[in-house]
Amino acid sequence: MAESRAVPAVELRNVSKSFGNLKVFDHVSLTVERNEAVVIIGPSGSGKTTLIRCINHLEEIQDGEILVNGTRVSHKVVGGKRAPLSENEKTANRRSVGMVFQRFNLFPHLTALQNIVEAPMHVLKQTRQEATEHALALLQRVGLADKKDQYPAQLSGGQQQRVAIARVLAMKPEIVLFDEPTSALDPEMVGEVLAVMKELAGNGITMIVVTHEMGFAREVADRVIVMDKGVIIEEGSPDQIFSQSKNARTVSFLKRVA
Ligand code: ADP
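A brief structural summary. (Residues numbered from 1 in each chain as written. Predicted model: local features only at pLDDT ≥ 70, side-chain atom pairs only at ≥ 80, totals over all residues. Heavy atoms only, no water.)

Bringing the packing of aromatic side chains into the picture now. Within the structure shown, the criterion is met by 0 aromatic pairs. In this arrangement the basic side chain of Lys-17 is found over the ring face of Phe-19, its NZ or CZ atom lying 4.6 Å from the centre. The aromatic ring of Phe-107 is capped on one face by Arg-167, whose charged end is 5.4 Å from the ring centroid. (Phe/Tyr/Trp six-rings, centres within 6.5 Å; stacked < 30°, edge-to-face > 60°. Lys NZ or Arg CZ within 6 Å of the ring centre and 35° of its normal.)

Next up, the structure:
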């Protein structure tokens, strides 16, 4: 009997992406299993952010395909030709894939709680009571239950980012993408955000994290991907990448960020 394998959470198959004449990556393939925490590291400009933005339709790809939970989300074939997804299809995919950005982008005129309940009410059609109960539980989870009525301007950067994470979780995503979530923070606030992310990883949420926080990668990643100049040059366990890599480009990058 054939062994039945779980459908991966995310699959990139030979994906190519350019901005005009600039080829960011060419034929990149990557599989992320369900419940896996994958951390992508590498020099600036190597295409890490663009790669995860493609998974969430923030960037169109030129070639290859992207599957989320086994469903193609990049293009569909109509009459033998590749056609872009409709806005509705993109929205459906974005719902299962949440994204945390470097800049938290909270609505400034809404409190922490209001920021979190908006989308579940309007997109998931939850009642205000349902959305509020869930939001309060999420604020508790990110350690901000006492800040529910504060406006973003009254919160520190680290607290705003934790609200932003709670807001993403409120949409019950199966996969969360993190795009350098701590790089806009003062150093003393980095730890509190990483601690929330570590808790999420420990509870099995599928996550793909672009970060310069090597300590986090080493401690939390199930798998570390090293990108350089648009190519995945190496991948492996944190120990394989951080302690045993024989790849000259990986070793040189790690030396520079150490
Ligand atoms: P990384 O996350 O590894 O720092 P990025 O994915 O941000 O790398 O960028 C990869 C390359 O694509 C860089 O050369 C960058 O300048 C370029 N790039 C990123 N976004 C855009 C854009 N919207 N338009 C044009 N070029 C872009």
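With 5 of 5 residues buried, strand E3 (residues 37–41) is to be regarded as a mostly interior element. Of the two faces of E3, the one lined by Ala-37, Val-39 and Ile-41 and the one lined by Val-38 and Ile-40 are each fully buried. Bridge count for E3 against strand E10 (residues 206–210) is 4 bridges, and the pairing is parallel. The partner of Ala-37 across the bridge, within E10, is Met-207. Relative to strand E11 (residues 223–228), E3 runs parallel, the two sharing 4 bridges. Directly across from Ile-41, in E11, lies its bridge partner Val-226. (Buried < 20%, exposed > 50% of the residue type's maximum accessible area, 1.4 Å probe, protein only. Helix = DSSP H or I, 4+ residues; strand = E, 2+ residues; numbered from the N terminus. Pairing = 2+ DSSP bridges.)

Strand order in the open sheet formed by 6 strands is E8-E9-E10-E3-E11-E12, with mixed pairing between adjacent strands. Strands with a single pairing partner mark the edges of an open sheet, and in this sheet they are strand E8 (97–100) and strand E12 (231–236). Taking the axes of each pair of neighbouring strands and ignoring which way they run, one obtains an average angle of 20 degrees across the sheet. Against the sheet, helix H6 (residues 187–202) contacts E3, strand E9 (175–179) and E10, and its axis sits at roughly 145 degrees relative to E10. Against the sheet, helix H9 (residues 248–257) makes contact with E3, E11 and E12, and its axis sits at roughly 80 degrees relative to E12, the strand it touches most. (Axes fitted to C-alpha atoms, helices over the stretch in contact; angles between N-to-C directions. Contact = heavy atoms within 4.5 Å.)

For the rest of this paragraph, the subject is the site of the ligand. For the ligand, the full set of nearby residues is Phe-19, Leu-22, Val-24, Pro-43, Ser-44, Gly-45, Ser-46, Gly-47, Lys-48, Thr-49 and Thr-50. Side-chain polar atom of Lys-48 to an oxygen atom of the ligand: 2.7 Å apart, as the coordinates give it. Protein burial of the ligand: of its 550 Å² of free accessible surface, 60% is covered by the chains. It is helix H1 (residues 48–55) that provides the largest number of residues to the shell around the ligand, a total of 3 residues. Here the shell around the ligand is composed, by residue class, of 4 nonpolar, 6 polar and 1 charged. (Near = heavy atom within 4 Å. Polar contact = N/O pair within 3.5 Å; in protein donor to acceptor, adjacent residues only side chain to side chain. Areas by Shrake-Rupley, 256 points an atom, 1.4 Å probe, with all protein chains shown as cover. Nonpolar A, V, L, I, M, F, W, Y, C, P; charged D, E, K, R; others polar.)

Turning our eyes to something else, we now look at helix H2 (residues 87–96). Those residues of H2 that fall on the buried side of the exposure criterion are Lys-90, Asn-93 and Ser-96. Projected onto a plane normal to the axis of H2, the buried residues spread over an arc of 120 degrees and lie on a single side. The exposed residues of H2 that point more than 90 degrees off its buried face are Glu-87 and Asn-88. Where the residues of H2 are buried, they touch H1, strand E4 (63–68), E8 and E9. (Arc of directions from axis to C-beta.)

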